[in-house]
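Structure at a glance
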Amino acid sequence: MLIRLSLGRRRVTAPSLAHRTSRDWHRHAYHRRAPEPSSAEITALLGRYEATPSRPLNLSQLLSFGHPVSPESVLSSVSYALSELPRRLATRVRSLEALPFIVGTNPYVTKTLNAYRESFQWLATHPPVTNLQENSEFVEQLAALVQRHANDVPTMAKGFQECSRYMSPKQISDFLDGAIRNRISVRLIAEQHIAVSQALSYPNDRSPYVGIVDMNCSPKSMIKMCGSFVTELCEASLATQPLRESHFSLCRFVWIIIFRYVPVHLEYILTEILKNSFRATVEHHNKQRGGGQSSLPPVVITISPPPSFLQTGAKGEPTYLSMRIRDQGGGVQPTNMSRIFSYAFTTAGRGAEEDSNDGGGPYAAQHVGGSAAIGGESESDDANLFGEITGRGVQTGIGTIAGLGYGLPMSRLYAMYFGGSLDFFSLEGWGSDVYLKLRCLDEAGDSKI
């Protein structure tokens, strides 16, 4: 299956943004101070959860809470959530407390630590849920907790940007890998319980979802949705207008290619990859053609269905749905290939700021996950590995085309979480290929949560 996302080309007036300098965003002074130590109650709770053996759970067991949904399965789900969520948050609290002292004094790191402490304390001291009415109240509060932690990654990004001189790139990478994997598992457990609890209110609903897992996830539909979003984002951020239509070259079975997966994970992965491909294509061909009016080459997505779909897979072996996302965006320089999955690496920002005096050009808009970016001073020194994670704090309202530097490493973590993979190949001067393999979750029941 081939999906061609065609990029048209015409100049449009860039949205008018009230540019501010980075100093304007930080007129208030931050005073570094030692983070408050954990209270005696939290310290005792942390020690208790550290000493308690974990309750291992794999994906099939987690899905069993919602297949079928019953009052008993919902109460089993909440029991597991109340047991395991505090343990995983305790791990995050301890890891943040173990950071070098000067890193811990950073206001963004301190903010993240305090948020985790508060959430951990609430979950660790929550009384057992024994009936559906209590569960309904718990679900409402749990959903609010998930929302409060929505901006943890950009907040941590800003903190590490300011503290990069005090930790090595490997230390930062190891910490963030652990933090993001932990975040994925916490959100998976919490959102699965919320979804299962809500499904109990609709017993006759024929939804293909089991909690947050879509049993009939359509990669074609996901690509169309993410492609439409990135098209609008590219238009707003890069002052270009990609064509809204997607041109499909379909094999006869494309309409029924489905697999079991968490659509939120797939949406994040595809959006980040397409943002990179769209931006690279626009910038590379603008540079080659001097901003001419000719059309841009398409971004081509090839989908390879699982072998079981074609009835050719070997029994007992894991099956995967695979995709190749190919662009003609000029590729990545060989000197940068070793850093392509580094949290410190982004190709966005430098070129825009060097070539423009308009306050940051298309990269003045930094917006993460639907919430306003954490603004701050941005260092131009190449020695500052995180100087481009957050640039200027101007909000567009629909996202940013580039600049955080976390897109590919986070996408790879999401792909690997259930046993998949994400690989990047570059042909310098021509373009890049991203190979994405996603393990079908109906055969990934042994994946540890």
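First, a word on scope: everything that follows refers to the structure included in this document.

**Quick notes on the overall build of the protein**
The helix and strand inventory of the protein stands at 14 helices and 11 strands. The burial tally for the protein puts 50% of its 449 residues in the buried class. Summarising the internal contacts of the protein: among those between residues at least 6 apart in sequence, 80% fall at separations of at least 24. With the model as given, the accessible surface of the protein reaches about 21,200 Å², and the carbon-plus-sulfur share is 51%.

**A closer look at the packing of aromatic side chains**
This model, assessed by the stated rule, comprises 10 aromatic pairs. Ring centres of Phe-160 and Phe-175 lie 5.3 Å apart, and the angle between their planes is 55°; this geometry places the pair in the tilted category. Here the residue Phe-160 occupies a position in helix α7 (residues 152–163), and Phe-175 occupies one in helix α8 (residues 169–199), the gap between them amounting to 15 residues. Judged by its relative accessible area of 1%, Phe-160 is buried. One aromatic cluster in this structure is built from Phe-259, Tyr-261, Tyr-417 and Phe-418.

**A few points about the pattern of salt bridges**
A complete count under the given rule lists 12 salt bridges for this structure. Across the pair Arg-94 and Glu-97 runs a salt bridge, and its minimum N-O distance is 3.1 Å. Note that Arg-94 and Glu-97 are positioned in helix α3 (residues 71–97) at a spacing of three residues, about one turn of the helix. The shortest N-O distance in the salt bridge between Arg-183 and Asp-152 comes to 4.0 Å. Here Arg-183, found in helix α8, pairs with Asp-152, found in helix α7; they are 31 residues apart in sequence, far enough to count as distant.

**A word on the packing of helix α5 (residues 107–124) against helix α6 (residues 132–148)**
Pairs of packed helices are described in terms of their axes, by the angle between the two and the distance that separates them. Across the interface, α5 lies against α6 with an axial gap of 11 Å and an inter-helix angle of 165°. Looking at the two axes, α5 sits roughly antiparallel to α6. The crossing of α5 and α6 is left-handed. Of α6, the residues touching α5 (which contributes Ser-119, Trp-122 and Leu-123) are Phe-138, Gln-141, Leu-142, Leu-145 and Arg-148. Counted by class, the contact of α5 with α6 contains five nonpolar, two polar and one charged residues.

**Concerning the packing of α6 against α8**
Running from N to C, α6 and α8 cross one another at 140°; their axes reach a closest spacing of 10 Å. With respect to their mutual orientation, α6 and α8 come out oblique. The interaxial crossing formed by α6 with α8 has left-handed handedness. Packed against α6, whose contacting residues are Asn-135, Phe-138, Val-139, Leu-142, Ala-143 and Val-146, the element α8 presents Arg-187, Ala-190, Glu-191, His-193, Ile-194 and Ser-197 at the interface. Residues of the contact of α6 with α8, tallied by class, amount to seven nonpolar, three polar and two charged.

**Looking at α5**
Here α5 contains 18 residues, and its C-alpha end-to-end distance of 25 Å stays within 8% of the 26 Å for a straight helix at 1.5 Å per residue. Next to the buried residues of α5 lie α1 (40–51), α3, α4 (101–104), α6 and α7. The N-capping residue of α5, defined by a side-chain oxygen 2.8 Å from the backbone nitrogen of Tyr-108, is Asn-106.

**Observations regarding empty space enclosed by the protein**
Enumeration over the complete set of coordinates arrives at two cavities of 30 Å³ or more. Reported here for the largest cavity is a volume of approximately 140 Å³. Taken together, 13 residues line the largest cavity, and the ones lying closest to its centre are Leu-89, Leu-145, His-149, Val-186 and Arg-187. Secondary structure elements with two or more residues in the lining of the largest cavity: α3, α5, α6 and α8. Of all the elements, α8 adds the most residues to the lining of the largest cavity, at four residues. Taken together, the residues of the lining of the largest cavity sort by class into nine nonpolar, one polar and three charged.

**Quick look at the side chain of Thr-155**
Relative to the helices and strands, Thr-155 resides in helix α7. A relative accessible area of 5% means that Thr-155 is categorised as buried. Only 2.8 Å separates the side chain of Thr-155 from the backbone oxygen of Asn-151, close enough to count as a polar contact.

**Considerations on the environment of Met-225**
Take Met-225: it is sitting in helix α9 (residues 219–238). Accessibility expressed as a relative area gives 41% for Met-225, which makes it partly exposed. The sequence separation of Met-225 and Thr-271 amounts to 46 residues, and the corresponding C-alpha distance is 9.2 Å.

**Concerning the nonpolar core**
Counting 101 residues, the largest nonpolar core has Phe-120, Leu-266, Leu-274, Met-323, Phe-418 and Leu-422 as its most contacted members. No other element matches α8, which puts 12 residues into this core.

**Brief notes about the sheet that holds strand β2 (residues 209–210)**
Read from one edge to the other, the open sheet built from three strands follows the order β2-β3-β5, with strand pairing classed as antiparallel. Of all strands in the sheet, those bounded by a partner on one side alone are β2 and β5 (259–261). Across two bridges, strand β3 (residues 213–217) lies against β5 in antiparallel orientation. Within β5, the residue paired with Cys-217 across the bridge is Phe-259.

Basis of the calculations
- Each chain carries its own residue numbering, running from 1 in the written order of its sequence.
- Local features in this predicted model are restricted to residues of pLDDT 70 or higher, and side-chain atom pairs are both shown and tallied only at a pLDDT of 80 or more, whereas totals for entire chains, interfaces and linings draw on every residue.
- Just so you know, side-chain values use all the structure's heavy atoms and leave hydrogens and water out.
- We count a stretch as a helix when DSSP gives it H or I for four or more residues in a row; a strand needs E for two or more, and each element gets its number in order from the N terminus.
- Residue exposure (1.4 Å probe, protein chains only): buried if accessible area is under 20% of the type maximum, exposed if over 50%, otherwise partly exposed.
- Should any heavy atoms of two residues lie within 4.5 Å, those residues are counted as being in contact.
- For accessible areas, the Shrake-Rupley method is used with a probe of radius 1.4 Å. Any residue's cover is judged against the shown protein chains and nothing else.
- Aromatic rings from Phe, Tyr and Trp, with only the six-membered ring used for Trp, were paired whenever their centres fell within 6.5 Å, and each pair was classed as stacked if the ring planes differed by under 30 degrees, edge-to-face if by over 60, and tilted otherwise.
- What makes a salt bridge here is a side-chain nitrogen of Lys or Arg within 4 Å of a carboxyl oxygen of Asp or Glu, nothing more.
- The axes used here are C-alpha line fits, helices contributing only the stretch in contact, and every angle between their N-to-C directions lies in the interval 0 to 180 degrees.
- By definition in this entry, angles of less than 35 degrees are roughly parallel, angles greater than 145 are roughly antiparallel, angles of 65 to 115 are roughly perpendicular, and the rest are oblique.
- Definitions for this section: a left-handed crossing has its near helix turned counterclockwise from the far helix by less than a right angle. A right-handed crossing has that turn clockwise.
- Classes in brief: Ala, Val, Leu, Ile, Met, Phe, Trp, Tyr, Cys and Pro nonpolar; Asp, Glu, Lys and Arg charged; the others, Gly included, polar.
- An expected span of 1.5 Å times one less than the residue number is assigned to each helix.
- Here a polar contact means two N or O atoms within 3.5 Å. Within protein one must be a hydrogen donor candidate and the other an acceptor candidate, and residues neighboring in sequence count only if both atoms are side-chain atoms.
- A cavity here means a set of points on a 1 Å grid, drawn over the protein atoms and nothing else, where a 1.4 Å probe fits but cannot get out; a pocket is an open set with protein on both sides within 12 Å along at least five of seven lines, and a residue lines either one if it has an atom within 4 Å of a point.
- Grid points are joined across faces, edges and corners, and a volume is the space filled by probe spheres set on the points.
- We call a set of buried residues a nonpolar core when its members are Ala, Val, Leu, Ile, Met, Phe, Trp, Tyr or Cys and they connect through side-chain atoms within 4.5 Å of each other.
- Strands are labelled as partners when DSSP assigns at least two bridges between them.

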